[in-house]
Amino acid sequence: MLTRVARKSLGGEARAADLYDALRAGHAAEAIGSITGFFINGQSVASICDSAIQPVMERLGRLWIADQREILTEHRATTICLNGLAMLRQMIGEPGHDAPVALGSSPDGDPYLLPSTMAATVVAEAGYRDLNFGPDLPLPLLAVAAEEHHARLVWLAVKAPRDWARLRSQIKATAQQLEKLNVHFVIGGKGIAIDDLRPLKNIHVMQTMSELAAFARGTLSPQA
């Protein structure tokens, strides 16, 4: 069994510095070791995502403005972070067979891999059986999957929506379907217009992975 050491959260900048250097240089083993090291030393998956992976990837994602070749750096770093999250998922282990299901994706036209993968790993640590359908998924299929798998929670990770007005309409329809199934619908990401979503029913807007983690833990109670 994995032994983790409880310790206070390190400062965001200090935690991300070594990871940034390793990803910028393409040192996969070092970067993955940094990600898993945070976890072994007592950091939650949500904290690792919010304080390390997300800010580092945003910083790397701006490098191409000065040099287009840095797109290669960002894509390589994405792959390394995905491998790091896969390692965290293995370290978390599998929940009991009677654990409820949480599933999700990013919407069609949104190609980013990391946001939905981070969400999946976060809900897994909370105690859910996670099903990640990845990027670019037609949104109506989430309700289909939720009914098929008897999900309790559905997430939608939005970073770069193709058409926000169309997506908002689809979100509203999906929220209504999920409400009939008594399924919680969580939406987050840089690509959402929060004020547009707040009036809609059965939608929980999350701005950080730590918020998602807390919400997921709360919905695991039998009364949720």
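As a reminder, the structure under discussion sits directly above these lines.
Residues numbered from 1 in each chain as written. Predicted model: local features only at pLDDT ≥ 70, side-chain atom pairs only at ≥ 80, totals over all residues. Heavy atoms only, no water.

Quick look at the nonpolar core
Here comes step 1: Ranked by size, the top nonpolar core spans 43 residues in total, and within it L19, L23, I53, M57, L60, L153 and M209 carry the most contacts.
Here comes step 2: Where this core is concerned, the elements lending two or more residues are α1 (12–25), α2 (28–40), α3 (45–61), α4 (70–92), α5 (114–126), β3 (151–157) and α9 (209–218).
Here comes step 3: Residues V101, A143, A145 and V205 belong to the second largest nonpolar core, which totals 26 residues. (Core = buried A, V, L, I, M, F, W, Y, C linked by side-chain atoms within 4.5 Å. Buried < 20%, exposed > 50% of the residue type's maximum accessible area, 1.4 Å probe, protein only. Helix = DSSP H or I, 4+ residues; strand = E, 2+ residues; numbered from the N terminus.)

Digging into the sheet that holds strand β4 (residues 184–188)
Note: strands within a sheet are paired through backbone hydrogen bonds, in either parallel or antiparallel orientation.
Here comes step 1: The five strands lie next to each other as β2-β1-β3-β4-β5, forming an open sheet whose pairing is parallel. At either end of the open sheet lies a strand with only one pairing partner, and these are β2 (129–132) and β5 (204–206). Averaged over neighbouring strand pairs, the angle between their axes works out to 20° when direction is ignored.
Here comes step 2: Helix α6 (residues 140–149) contacts β1 (101–105), β2 and β3 of the sheet and is inclined by roughly 165° relative to β1. (Pairing = 2+ DSSP bridges. Axes fitted to C-alpha atoms, helices over the stretch in contact; angles between N-to-C directions. Contact = heavy atoms within 4.5 Å.)

Overview of the packing of aromatic side chains
Here comes step 1: This structure, assessed with the given rule, holds zero aromatic pairs.
Here comes step 2: Just above the ring of Y20 sits the side chain of R59; from NZ or CZ to the centre is 3.6 Å. (Phe/Tyr/Trp six-rings, centres within 6.5 Å; stacked < 30°, edge-to-face > 60°. Lys NZ or Arg CZ within 6 Å of the ring centre and 35° of its normal.)

Description of empty space enclosed by the protein
Here comes step 1: What the rule picks out here adds up to one cavity of 30 Å³ or more.
Here comes step 2: Its volume calculated, the largest cavity comes out at about 40 Å³.
Here comes step 3: Lining the largest cavity are P107, D108, P161, R162, D163, R166, L167 and Q170. (1 Å grid on protein atoms, 1.4 Å probe; cavity = no way out; pocket = protein on both sides within 12 Å on 5 of 7 lines; lining within 4 Å. Points joined across faces, edges and corners; volume = space filled by probe spheres on them.)

Re the pattern of salt bridges
Here comes step 1: Applying the stated criterion to the full structure yields seven salt bridges.
Here comes step 2: Ionic pairing is found between E70 and R24, a salt bridge with its closest N-O pair at 3.1 Å. Placement of the pair is E70 in helix α4 and R24 in helix α1, with a sequence separation of 46 residues.
Here comes step 3: According to the relative accessible area criterion, R24 is partly exposed, its value standing at 36%. (Salt bridge = Lys/Arg side-chain N within 4 Å of Asp/Glu carboxyl O.)

Description of α2
Here comes step 1: Taking 1.5 Å per residue as the helical rise, α2 with its 13 residues ought to reach 18 Å, and the 18 Å between its terminal C-alpha atoms agrees with that figure.
Here comes step 2: Every buried residue of α2 is listed here: A31, I32, S34, I35, T36, G37, F38 and F39.
Here comes step 3: A positive backbone phi angle near 105° is found at G42, which sits one or two residues after α2. (Expected span 1.5 Å × (residues − 1).)

Let's talk about the pairing of β2
Here comes step 1: Across four bridges, the pairing between β1 and β2 is parallel. Looking at the pairing, G104 lines up with N132 of β2.
Here comes step 2: One crossover worth recording links β1 to the parallel β2 by way of α5, and it is right-handed. (Right-handed = clockwise from strand over helix to strand, strands pointing away.)

Notes on the packing of α3 against α4
Here comes step 1: The interhelical angle for the contact between α3 and α4, taken along N-to-C directions, is 170°, at an axis separation of 10 Å. Considered as vectors, α3 and α4 are oriented roughly antiparallel to each other. Each of V45, I48, C49, I53, M57, L60 and G61 in α3 lies in contact with α4, whose residues at this interface are T73, E74, A77, T78, C81, L85, L88 and I92.
Here comes step 2: Looking at the contact of α3 with α4 residue by residue, the class counts come to 11 nonpolar, three polar and one charged. (Parallel < 35°, antiparallel > 145°, perpendicular 65-115°, else oblique. Nonpolar A, V, L, I, M, F, W, Y, C, P; charged D, E, K, R; others polar.)

Re the layout of surface pockets
Here comes step 1: Roughly 640 Å³ of internal volume is contained in the largest pocket.
Here comes step 2: Along the walls of the largest pocket sit 31 residues, with Q54, L114, P115, M118 and K159 positioned nearest its centre.
Here comes step 3: Mapped onto the lining of the largest pocket, the elements with two or more residues apiece are α3, α4, α5, β3, β4 and α9.

Here we look at helix α7 (residues 164–180)
Here comes step 1: The end-to-end C-alpha separation of α7 is 24 Å, in line with the 24 Å expected for 17 residues at 1.5 Å each.
Here comes step 2: Those residues of α7 not exposed but buried are W164, L167, Q170, I171, T174, A175 and L178. Around the axis of α7, the buried residues are gathered within 145° of arc, so they sit on the same side. When the buried face of α7 is taken as reference, the exposed residues oriented beyond 90 degrees from it are A165 and K180.
Here comes step 3: Where α7 is buried, its residues contact α6, β3, β4 and α8 (194–197). (Arc of directions from axis to C-beta.)

Thoughts on the pairing of β1
Here comes step 1: Counting buried residues in β1 gives five out of five residues, a clear majority hidden from the surface.
Here comes step 2: The side-chain alternation of β1 yields two buried faces, one formed by V101, L103 and S105 and the other by A102 and G104.
Here comes step 3: Here β1 pairs with β3 via five bridges, running parallel. The residue bridging G104 from the neighbouring strand is W155, located in β3.

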